[in-house]
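Below, each chain spelled out in residue letters.
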Amino acid sequence: SVELEAEQATVEWNPELTDVHRVVEAITGCGFDVDEPSERSSAGPSIVTTVMLAQVRVDGMTCQSCVRSVTAALRATAGVLDAAVELEPQGWARVSYDPHQTDAKSVMEAIEAAGFDAALDSVTDVGSDTALGSTSAIQSADFANTPDTMDGRAFGSDHTTQPLLDMQGAREHSGSGEAAYSFSSNKSGETLLDSEPLDATGSHISTQFEVRGMTCSSCVAAIERGLQDREGIHSVSVSLLAQRATVQHDSNVVSDTTIAQWIEGLGFEAKSLDAVSRVSKVSLNVYGMTCASCVGMVERSVRKERGVESVSVSLALETAVIEYRPSEIGVRKLVAVVESAGFDVLVADDAKNNTQLESLQRTRDILAWRRRFVQSLFFSIPVIFLAKIASHMAWSASIVHWQVVAGLPLGSLLQLLLTTPLQFVVGGRFYANAFKALRHGNANMDVLVTTGTSLAYFFSLFMLSWSVFHGNHPRPHCFFEAPAMLITFVSLGRYLENLAKGNASAALSTLMTLTPAQATLIIYDGGRVIDEKMIPTELIQVGDHLRVFPGERIPADGTLLEGGSQVDESTVTGEALPVRKSRGMQLVAGTVNGTGSFTMAASRVGADTTLAQIVQLVEEAQTAKAPIQAYADRVAQYFAPCVLLLALLTFLGWVLVS
């Protein structure tokens with residue numbers, strides 16, 4: 001076996017046919033450099049008299065980089081023959097070592113030195129007088145055949161302790177004298193999904209719990225360990241992001257109340273979300289209704305179905321709002337019932353629609369403020385030039401100071417003509433918002449902008465009119481550039497603000513588009529596959545078996561049943577490299593399947609998926625205020641009134657002084 005990351009090759013050979021030097025020559029003949037083999041390899045067929053296999057639980061690993069770090073630390077430990085580390089579904093390390101050179105304690109110390117928590121589960125003598133290269137085959141067979149082992153047994157199978165490995169025979173010798181071993185697991189590849197089906201009306205049920213207080217993967221592992229060994233528990237799946245725990249258990253042995261108490265005994269808050277008593281609501285868009293008789297037909301058809309609590313149909317809105325018990329009926333059945341009545345149906349995704357509408361509204365605001373900013377630049381740049389630059393240039397000073405009539409310079413007249421549409425057309429949005437705020441007794445930034453620009457504009461207009469009618473001021477003091485500059489800069493600020501908000505909305509919309517629009521549902525009849533059909537992802541129900549083809553996005557959270565593939569989880573976890581998925585491993589909605597095809601069972605759908613929880617967290621982060629932002633908002637409530645009060649006091653002071 002060859003390890004790319006470790007730049008290491010482990011070779012098993014028959015000493016009667018070749019030796020280590022020929023192996024080195026074969027590798028160098030391929031164009032690669034080879035370091036001097038270790039002492040045990042260069043001595044020819046070095047034989048380890050005893051090989052021990054330690055199974056260690058590793059907590060704290062979050063990605064493939066963690067796996068590589070633990071693997072490198074273990075393989076660098078003296079006496080360790082080989083190591084294989086598994087990230088999902090649980091963090092495990094299986095280490096084969098020579099007990100004459102090291103022990104299980106040193107293995108655990110190596111893992112802890114790499115920055116992770118280690119707990120020894122078992123140590124097994126996997127053979128004596130075993131060839132060195134066979135240890136790699138031992139751990140490889142273990143991983144391949146028992147993907148979900150924990151505490152020496154398979155997850156979700158039964159609760160009897162099983163040995164990790166069984167020797168199928170003593171040491172066998174081939175005709176060439178090559179040593180070989182054959183190993184297998186008693187629970188090879190068996191998972192809960194291969195056991196008897198779960199039935200909400202029978203003894204085996206699946207119950208969801210809302211768990212509060214989890215902060216890291218160690219909390220998840222603590223809950224799973226604390227429940228897995230309990231009597232009546234078949235399997236435990238805990239989601240840190242969703243703050244949920246799904247427990248499949250025997251209702252005749254243990255109740256959901258008892259399970260919640262067990263979780264609370266581990267130091268967390270737990271509340272049962274039993275699907276039997278939970279009522280869900282779905283909104284359907286129903287097309288084709290023309291009169292009240294159509295409404296009555298839809299309501300009667302849906303209401304007679306078992307599990308439907310209530311139904312309300314609106315002819316004007318063409319919608320049907322249905323409350324139902326998910327344990328007895330699913331969305332797919334409700335859609336089929338309405339369609340059987342002769343109408344077209346679509347599941348209304350209010351969250352996605354609202355987000356898309358908000359994104360469109362944000363785009364419209366961005367375009368509107370950009371247009372206002374460009375318009376204000378068109379008017380303000382000439383005003384600023386006439387007021388601050390033209391009067392100081394020799395060739396233009398005489399032009400701007402030329403008197404159109406007595407007391408009315410040409411430059412001031414042009415400033416008035418340019419500022420008026422800027423003040424009342426481009427800045428009309430500020431006036432509208434200011435009047436709305438004042439009508440509700442508030443003084444916001446729009447009030448300040450409107451007050452400042454209006455005072456400057458009307459004062460300049462007053463001074464210009466006074467100069468014309470009295471003729472005593474050939475160069476009236478006008479400040480038309482002040483409202484022009486202020487409106488331009490505020491428009492720029494509003495444009496940049498909406499642009500930033502638009503980027504956040506675009507990120508949220510991108511997240512929501514990660515879920516595919518359709519999924520391939522496998523239809524069974526008596527345990528035999530009879531058909532596959534495409535359905536909208538909104539109609540996927542818990543327990544559905546779905547087929548995922550190469551290049552497709554995974555439609556729901558679930559467990560892989562058959563097949564295997566590499567899955568790109570970078571959009572959800574940030575992991576750059578594709579993650580190998582095999583039977584029994586967990587899948588996340590929105591991630592991209594690689595080159596393989598597999599069958600999965602949906603465990604969390606709709607708003608319960610990991611991707612939906614991420615979207616919800618992003619939405620909450622956008623709406624929640626940071627402490628400094630909340631403080632700034634409180635200050636802003638008094639800022640505008642204080643500024644206006646200070647301006648009034650300043651005006652009165654100057655009046656009294658003059």
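Computed from a predicted structure; not experimentally measured.

1. Observations regarding the pattern of salt bridges
And step 1. One pass over the structure, following the stated rule, counts 13 salt bridges.
And step 2. In this structure, the salt-bridge partner of Asp544 is Arg332, at a minimum N-O distance of 2.7 Å. Taken together, the residues span a long stretch of sequence, with Asp544 in the loop between β24 (528-536) and β25 (545-548) and Arg332 in helix α9 (residues 331-340) at a distance of 212 residues.
And step 3. A salt bridge links Asp557 to Arg604; the shortest N-O distance between them is 3.5 Å. Here Arg604 lies in strand β31 (residues 598-604) and Asp557 lies in strand β26 (residues 557-563), a separation of 47 residues in the sequence.

2. Focus on the sheet that holds β31
And step 1. With antiparallel pairing, the 6 strands of this open sheet are ordered in space as β24-β23-β25-β31-β26-β29. Strand pairing shows two members of the sheet lacking a second neighbour, β24 and β29 (586-587), which therefore form its edges.
And step 2. Pairing between β26 and β29: 2 bridges, direction antiparallel. Counterpart to Gly558 in the pairing with β29 is Leu587.

3. Concerning the packing of helix α3 (residues 64-75) against helix α4 (residues 104-113)
And step 1. In the contact formed by α3 and α4, the axes pass within 9 Å of each other and the chain directions differ by 140°. It follows that α3 is oblique to α4 by the angle criterion. Regarding α3 and α4, the two cross each other, and that crossing is right-handed. Contacts from Val70, Ala73 and Leu74 of α3 reach α4 at Val107, Ala110 and Ile111.
And step 2. For the contact of α3 with α4, a count of residues per class yields 6 nonpolar, no polar and no charged.

4. Thoughts on a negative patch on the surface
And step 1. A contiguous patch of negative charge, built from Asp103, Glu109, Glu112 and Asp117, is present on the exposed surface.
And step 2. Within the secondary structure, Glu109 is located in helix α4.
And step 3. Residue class for Glu109 comes out partly exposed when judged on its relative accessible area of 42%.

Parameters and conventions
Residues numbered from 1 in each chain as written. Predicted model: local features only at pLDDT ≥ 70, side-chain atom pairs only at ≥ 80, totals over all residues. Heavy atoms only, no water. Salt bridge = Lys/Arg side-chain N within 4 Å of Asp/Glu carboxyl O. Helix = DSSP H or I, 4+ residues; strand = E, 2+ residues; numbered from the N terminus. Pairing = 2+ DSSP bridges. Axes fitted to C-alpha atoms, helices over the stretch in contact; angles between N-to-C directions. Parallel < 35°, antiparallel > 145°, perpendicular 65-115°, else oblique. Left-handed = near helix turned anticlockwise from the far one by under 90°. Contact = heavy atoms within 4.5 Å. Nonpolar A, V, L, I, M, F, W, Y, C, P; charged D, E, K, R; others polar. Patch = residues over 30% accessible without salt bridge, like charges linked within 9 Å, V, L, I, M, F, W, Y side chains within 5 Å. Areas by Shrake-Rupley, 256 points an atom, 1.4 Å probe, with all protein chains shown as cover. Lys, Arg positive; Asp, Glu negative; His and termini not counted. Charge placed at Lys NZ, Arg CZ, Asp CG, Glu CD. Buried < 20%, exposed > 50% of the residue type's maximum accessible area, 1.4 Å probe, protein only.

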